[in-house]
Structures are given as structure tokens and as C-alpha cells.
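# Architecture at a glance
Residue-level listing of the chains:
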Amino acid sequence: MTATAASIQLHERFRGYYPVVIDVETGGFNARTDALLEIAAITLKMDRNGWLSPDQTFHFHVSPFEGANLEPAALAFTGIDPYSALRGAVSEHEALEQIFKGIRKGLKANQCQRAIVVAHNATFDHGFVMAAAERSGIKRNPFHPFATFDTATLAGLALGQTVLAKACKTAGMSFDNKEAHSALYDTRKTAELFCLIVNRWKELGGWPLGQMETPAFDAPASSE
């Protein structure tokens, strides 16, 4: 397999977008005021036959930005101690710079125009990434400013489930609830789920696009 063959397929599959799976753990729900505490990102690759799979992984514990809000309920939910030295936390700027650097390499290698966030309930994760990049003064943000691929929506369509754990189990994947709400674990599971859905659509003949038949729907009965 040549790098060119793989890169062209990935480029063509998502209209020039480079999918990057993201998960964040935070100190609340407000991306502008609440702390980003952990972030993981997994890039994706496509083989010569068009099958999608996880590629590189990036993971950082993040120090709360100055003046960040930390909701006690959010910390109790994630179990994160924001100020524990054992976390080995870095600044938002350092975490995002390292992640963005890796993504830009992937963009170039795959001839893609822009990265796109893949996440479960993607608006939440996308909002925190964009807010942190703005606070950090990072100008070269590779992500699209608003477009995302949301695995909650995709799983609802493909599997009839919108909760990550239930969607994974319905798909026949393992899911450890004790590991959940770790950004790294949730990103791995979200990446696996996204790849499974995309590959299943290919198996069913949905990609590459061919001559698709339009189903005939019965007209609604008249009330007259």
C-alpha cells in the first residue's frame, strides 16, 4: 500500500475533512468559564480498501486556566482533583499546541483541507476545544469552526442508541463503566464506534456512492 493511495481515499471519504476523535473532561458545562481538565484526541486512517481505523493518540491532563470555574458536582462526577501533582497537568496552550501539531501533520499527509471534530455529543467537546484555543491565543486552529461529526446522532441512526455505553454494547463492543469519564478511555471507545459505523455503512453498500435506489413511500391516506 502506498501512502498516496490511503490518503486519497480518506480525503475523498469526508469531502476533504480530516476526522479527529475528541473527548474532554471539564469543571462544568460552560466552555467560556469552566475549566478544561483533560483532553484526548485520536486521529483516524484509511487502508487501501477504504476501511477506517484509529491511528495516533494524544492525551493530556490540563491545569485550570486562571480564574476558571470548578463546579463541585462536575468534579465529583469525573473524580478529578484539579490540583493534584500526580496528574502531571500542562497548560491549555501546551496541550493544544501538541495536539494541533500532530493534526496538521495528518492534514498534510492525507491531503485534507481541514480537521473536523468527531465526538459523542460533539457540540460540548467542540465548544471547549475552541474556547481553550481562543484563550491560549492559538491562531492556527486546524478544526472547522462549527461543523462536527456527532457519534450520538450516528449511533441513534445506526444502532438505535444515543448513550455511548449502550451504543458500544449494542454494536458488540466492550465497554467498562468503571473506566468511563476518563477522556482517554471515552475517546478510544468513541473512535472505535465511529469507525464501526462508517465501516458498516460501507459493508452495506452505502460507500462508495453508486446508483442508489429511492425507496417508494405510500402516499398518506386522504382525510376526506
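Residues numbered from 1 in each chain as written. Predicted model: local features only at pLDDT ≥ 70, side-chain atom pairs only at ≥ 80, totals over all residues. Heavy atoms only, no water.

Per an unreviewed UniProt entry, the chain carries the name Ribonuclease T and comes from Zobellella iuensis. Looking at the Sequence similarities (unreviewed entry) heading of the UniProt record, one finds this comment for the chain: "Belongs to the RNase T family." (UniProt positions renumbered as here; feature names shortened; annotations may be inferred.)

### Some words on the UniProt feature "binding site: Mg(2+) 2" (unreviewed entry) in the chain
Here the UniProt-annotated "binding site: Mg(2+) 2" (unreviewed entry) positions come out as Asp23, Glu25, His181 and Asp186. These annotated residues cover 164 residues of sequence, and their C-alpha atoms all fall within 9.9 Å of one another, placing them together at a single site. Of the residues annotated just before, the largest pocket has Asp23, Glu25, His181 and Asp186 among its lining. Tracing the backbone shows glutamate 25 in strand S1 (residues 17-26). Beyond its immediate sequence surroundings of up to four residues, glutamate 25 is in contact with Leu36, Leu37, Glu38, Thr78, Ile80, His181, Ser182, Ala183 and Asp186. Relative to the helices and strands, histidine 181 resides in the loop between helix H6 (164-170) and helix H7 (183-203). Taking relative accessible area as the criterion, histidine 181 reaches 34% and is therefore assigned partly exposed. Not counting the four nearest positions on each side in its chain, histidine 181 is found in contact with Glu25, Phe77 and Asp186. (1 Å grid on protein atoms, 1.4 Å probe; cavity = no way out; pocket = protein on both sides within 12 Å on 5 of 7 lines; lining within 4 Å. Helix = DSSP H or I, 4+ residues; strand = E, 2+ residues; numbered from the N terminus. Contact = heavy atoms within 4.5 Å. Buried < 20%, exposed > 50% of the residue type's maximum accessible area, 1.4 Å probe, protein only.)

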